[in-house]
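Close look at the chain arrangement
Below, each chain spelled out in residue letters.
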Amino acid sequence: MSATQDAPLLDDAAGRLIRPYTVSGGRTRPTTVLDLLSLVMATGTVPQIHLGPEHSVALGLCGGPTSVAEIAAHLRLPAVVTKVLLSDLVDCGAVTAHPPAFHDMPTDRSLLEAVLDGLRRQL
């Protein structure tokens, strides 16, 4: 049996040794609103509460701005479980989370029409 830091509590032959709902303590809703594209980054604050191994690995992935989706992929956990773990880290001040930045640029209608015309010619 081998557990790696990138895939905590995984066995090469058996797969995940602990069910995802156990990792999140049975919780299915994060306390912080997180989108899959939300960017999470470590604050440098050491958590004063005991965290599980997945929390530690998630925190290690947040050295620079990292999306929730990317962290979930590295942890090999469902997005909702990852959101619960990350919200725990936000709650204890270990990470900050920022919603995805959407630019408020108006849509160029003429550009969209040109793309649509080009697509129609291809069909």
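Bear in mind that the values here come from a model prediction, so they are computed numbers and not experimental data. Positions within a chain are numbered from 1, following the residues in the order the chain's sequence is written. A pLDDT threshold of at least 70 governs which residues receive local features in this predicted model, and a stricter bar of 80 or more applies before side-chain atom pairs are shown or counted, although totals over entire chains, interfaces and linings include all residues. Computation of side-chain values: all heavy atoms of the structure, hydrogens and water removed.

1. Focus on the overall build of the protein
Stated formally: Segments assigned H or I by DSSP are reported as helices when at least four residues long, segments assigned E as strands when at least two residues long, and all are numbered from the N terminus. The classification of residues rests on relative accessible area computed with a 1.4 Å probe and restricted to protein chains. Under 20% of the type maximum is buried, over 50% is exposed, and intermediate values are partly exposed. We call two residues in contact when some of their heavy atoms are within 4.5 Å.
A tally of helices and strands in the protein yields five helices and five strands. Along its sequence from the N terminus, the protein presents helices and strands in the succession β-β-α-β-α-β-α-α-β-α. Here the protein holds 123 residues, and 29% of them are scored as buried. Long-range contacts, defined here as pairs at least 24 residues apart, represent 69% of the contacts in the protein between residues at least 6 apart.

2. Considerations on the packing of helix α2 (residues 53-60) against helix α4 (residues 79-91)
Definition in use: Axes, fitted as lines to C-alpha atoms, cover a helix only where it is in contact. Angles between the N-to-C directions of the axes lie from 0 to 180 degrees. Between 65 and 115 degrees an angle is taken as roughly perpendicular, under 35 as roughly parallel, over 145 as roughly antiparallel, and anywhere else as oblique.
Their axes nearest at 10 Å, the elements α2 and α4 cross at an angle of 75°. Between α2 and α4, the angle is such that the two are roughly perpendicular. Here α2 contributes Glu54, His55, Ala58 and Leu59 to the contact with α4, which in turn contributes Leu85, Leu86, Asp88 and Leu89.

3. Some details on the sheet that holds strand β4 (residues 66-67)
Our working rule: Pairs of strands are assigned from DSSP output, requiring at least two bridges between the strands.
Ordered in space as β4-β3-β5, the three strands form an open sheet in which the pairing is antiparallel. Each edge of the open sheet carries a strand with a single partner, namely β4 and β5 (95-98). Alignment of strand β3 (residues 39-42) against β4, held across two bridges, turns out to be antiparallel. Each bridged residue has a counterpart across the sheet, and for Val40 the counterpart in β4 is Thr66.

4. Digging into the side chain of His55
Inspection of the secondary structure puts His55 in helix α2. What makes His55 buried here is its relative accessible area of 7%. The contacts of His55, once residues within four sequence positions are left out, are Leu85, Asp88 and Leu89.

5. Points about a nonpolar patch on the surface
Let me state the cut-off plainly: Patch building starts from residues that exceed 30% relative accessible area and form no salt bridge, then joins like charges within 9 Å and nonpolar side chains (Val, Leu, Ile, Met, Phe, Trp, Tyr) within 5 Å. Surface accessibility in these figures is a Shrake-Rupley result with a 1.4 Å probe; residues are shielded only by whichever protein chains are displayed. When a carboxyl oxygen of Asp or Glu is within 4 Å of a side-chain nitrogen of Lys or Arg, the pair counts as a salt bridge.
Together, Leu111, Val115 and Leu119 make up a nonpolar patch on the protein surface, roughly 280 Å² of accessible area in all. Tracing the sequence through the fold places Leu119 in helix α5 (residues 109-122).

6. Some words on the confidence of the model for the protein
Rules: Confidence scores here are pLDDT values: one per residue, from the predictor, ranging 0 to 100.
Summary statistics for the protein give a mean pLDDT of 81 and a share of 74% for residues scoring 70 or more. Mean pLDDT across the elements of the protein ranges from a minimum in strand β2 (residues 15-16), with 49, to a maximum in β3, with 96. With pLDDT under 50 throughout, residues 1-8 is counted as low confidence; its partners more than four residues away or in other chains account for 14 contacts.

7. Notes on α4
Note that an α-helix has 3.6 residues per turn; residues three or four places apart therefore point the same way. Condition: One less than the number of residues in a helix, times 1.5 Å, gives the span that helix is expected to have.
The end-to-end C-alpha separation of α4 is 18 Å, in line with the 18 Å expected for 13 residues at 1.5 Å each. Among the residues making up α4, those that are buried are Val81, Thr82, Lys83, Val84, Leu85, Leu86, Ser87, Asp88 and Leu89. At the C-terminal side of α4, Gly93 shows a positive phi close to 85°.

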